[in-house]
Amino acid sequence: MNRPQSSIPRVSPASREYVRQVLDFGFHNTTSPGLAGRLEREFAARFGVRYGILHCNGTATMHSCLLAAEVGVGDEVIVPALTMASTAFVVLYVNAVPIFADIDPETFTINPEDIRRKITPRTRAVIPVSLYGLPPDMDPIMALSRQHDLAVIEDNAQCFLGYYKGRIVGSIGQMSSFSFQGSKHMTCGDGGIVITDDEELATRVRRAGVLGYSAISSEPGASSIPESLRCHPTFARHIALGYNFRMPEIAAAVALGELERLDELVEMRKAVARVFDEVVRSCPWLVPQKTPEGCVHTYWSYAARMTEDGPDWAEFRKKFVEFGGDGFYGCWLPVHKEPVFATLSERVAQDPKRWPHYAGRLPDYREVTCPCAESIQPRLVQLKTNYFDLDTARRQSEILDRAIRFFR
């Protein structure tokens, strides 16, 4: 087991140097110092696949994946009930229908058996989420994808260098989405990347994120039209509908420097999680997220479920903060319980002619239930792991222990 240093810088010296190179080169239309292409190549190689396509954020990545998989009007995409809402929003972006599957009560990740129950003739894709840094049970999910010809798009926004039965997370589904948003293991403020081992999908993803340009490819950095083509008035640029999801070169420069120390960043998160784990496992009313045998958890957050024997969630957090703690986060509402979904169901029911692609296809989300997610979500405790100093994490764990003992 690698042991991280007791503290590491928030931004690496390499990132600062790469930013300097971009600034010295200047900003141009179709030329750059090549750091974006280098990041695409090296990130994909780190995860054992051939292609990487940078995006402006980790929501756009999943949007492009769905377009690449040709998911569209009236199709169904199965997503977990417990995740950040973007996982479901991107399904709506392509005029498809999010279908919510329940979670496993111990791992909090999507339950493959509920995926099986939710598959219909209209199902086209599944987006399993590596929640908090823990991969879901991918073998049965991939078996279902082969049986029903479904695209599997891994949402690994919270999981870098995780493993599932010896395979690095991100290399299992047909496509995989990562986020570089500010809270993630590696960051450039915001951004994301899609990785895949399929050349055709890589080209489609890039085209979906770069305005449907004709003269692009799966190759690293191939996100602009060469001037030799672009200058001609007869050149047909757009062969598909696409979006402008490109990542700026200066953001790629920061991310490249962070990729070069990704092992260090992940090991620091795991070390912080171990510090909290020692305290949580001594508490009779906190049950940590289970890491199944064969999985490597990378702890975007350290999550635990409060049992019914525990104190009120808000009172526990209040006491933790009173004692000097940084606080902890509650889990997002189960996505189908977010008001936007009830509102959409109501609008479709009231005016189906306005929403012909959803009429008769969209569930009434006001009636959708995922009992496990709904019972666990209100009592989840998400402890931050993005500390860059282990002494700070230890102080926080001591304060957490004091707050726990207060309620014993």
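Residues numbered from 1 in each chain as written. Predicted model: local features only at pLDDT ≥ 70, side-chain atom pairs only at ≥ 80, totals over all residues. Heavy atoms only, no water.

Here the focus is the pattern of salt bridges. Scanning the model with the defined rule gives 23 salt bridges in all. Here D263 and R46 are joined by a salt bridge, their closest N and O atoms 2.8 Å apart. Within this pair, whereas D263 is found in helix α10 (residues 262-280), its partner R46 is found in helix α2 (residues 35-46), the two being separated by 217 residues in sequence. The shortest N-O distance in the salt bridge between R261 and E258 comes to 2.8 Å. The pair R261 / E258 is uniform in exposure class, with both members buried. Several salt bridges converge on common partners, so that one network encompasses E17, R20 and D24. (Salt bridge = Lys/Arg side-chain N within 4 Å of Asp/Glu carboxyl O. Helix = DSSP H or I, 4+ residues; strand = E, 2+ residues; numbered from the N terminus. Buried < 20%, exposed > 50% of the residue type's maximum accessible area, 1.4 Å probe, protein only.)

What follows is about the packing of helix α3 (residues 60-68) against helix α4 (residues 86-93). In the contact formed by α3 and α4, the axes pass within 9 Å of each other and the chain directions differ by 45 degrees. Accordingly, the angle class assigned to the pair α3 and α4 is oblique. The interaxial crossing formed by α3 with α4 has right-handed handedness. Mapping the contact onto sequence places M62, H63 and L66 in α3 and S86, T87, V90, V91 and Y93 in α4. Residue classes in the contact of α3 with α4 are distributed as 5 nonpolar, 3 polar and no charged. (Axes fitted to C-alpha atoms, helices over the stretch in contact; angles between N-to-C directions. Parallel < 35°, antiparallel > 145°, perpendicular 65-115°, else oblique. Left-handed = near helix turned anticlockwise from the far one by under 90°. Contact = heavy atoms within 4.5 Å. Nonpolar A, V, L, I, M, F, W, Y, C, P; charged D, E, K, R; others polar.)

Let's shift gears to the state of the cysteines. Throughout this description, disulfide means a covalent bond between two cysteine sulfur atoms. Per the counting criterion, the structure on display carries 0 disulfides. C56 takes part in no disulfide bond, and the closest cysteine sulfur to it belongs to C188, at a distance of 11 Å. The structure places no disulfide on C331, whose sulfur is separated from the nearest cysteine sulfur, that of C372, by 12 Å. (Disulfide = S-S within 2.5 Å.)

Right, let's talk about the pairing of strand β12 (residues 301-306) for a bit. Taken across its 6 residues, β12 has 5 buried, putting it largely inside the fold. Note that strand β10 (residues 286-288) and β12 share 3 bridges and pair antiparallel. Considered in β12, the bridge of P288 is made with A304. As judged from the 5 bridges shared by β12 and strand β13 (residues 380-384), these two strands associate in the antiparallel manner. In the strand pairing of β13, A303 is matched with Q382. (Pairing = 2+ DSSP bridges.)

The next point concerns a nonpolar patch on the surface. A surface patch of nonpolar side chains, amounting to about 300 Å² of accessible area, comprises L23, F27 and I250. Relative to the elements of secondary structure, L23 occurs in helix α1 (residues 13-25). Look at L23 and you get partly exposed, because its relative accessible area is 48%. (Patch = residues over 30% accessible without salt bridge, like charges linked within 9 Å, V, L, I, M, F, W, Y side chains within 5 Å. Areas by Shrake-Rupley, 256 points an atom, 1.4 Å probe, with all protein chains shown as cover.)

Among the structural elements, H55 can be located in strand β1 (residues 51-55). In this structure H55 comes out as buried when scored by relative accessible area, which is 1%. Polar contacts involving the side chain of H55 include one to the main-chain carbonyl oxygen of I53, which spans 3.1 Å. If near-sequence neighbours (up to four positions away) are discounted, H55 is found in contact with A60, T61, S64, G191, G192, V194, V205, G209, F245, R246 and M247. (Polar contact = N/O pair within 3.5 Å; in protein donor to acceptor, adjacent residues only side chain to side chain.)

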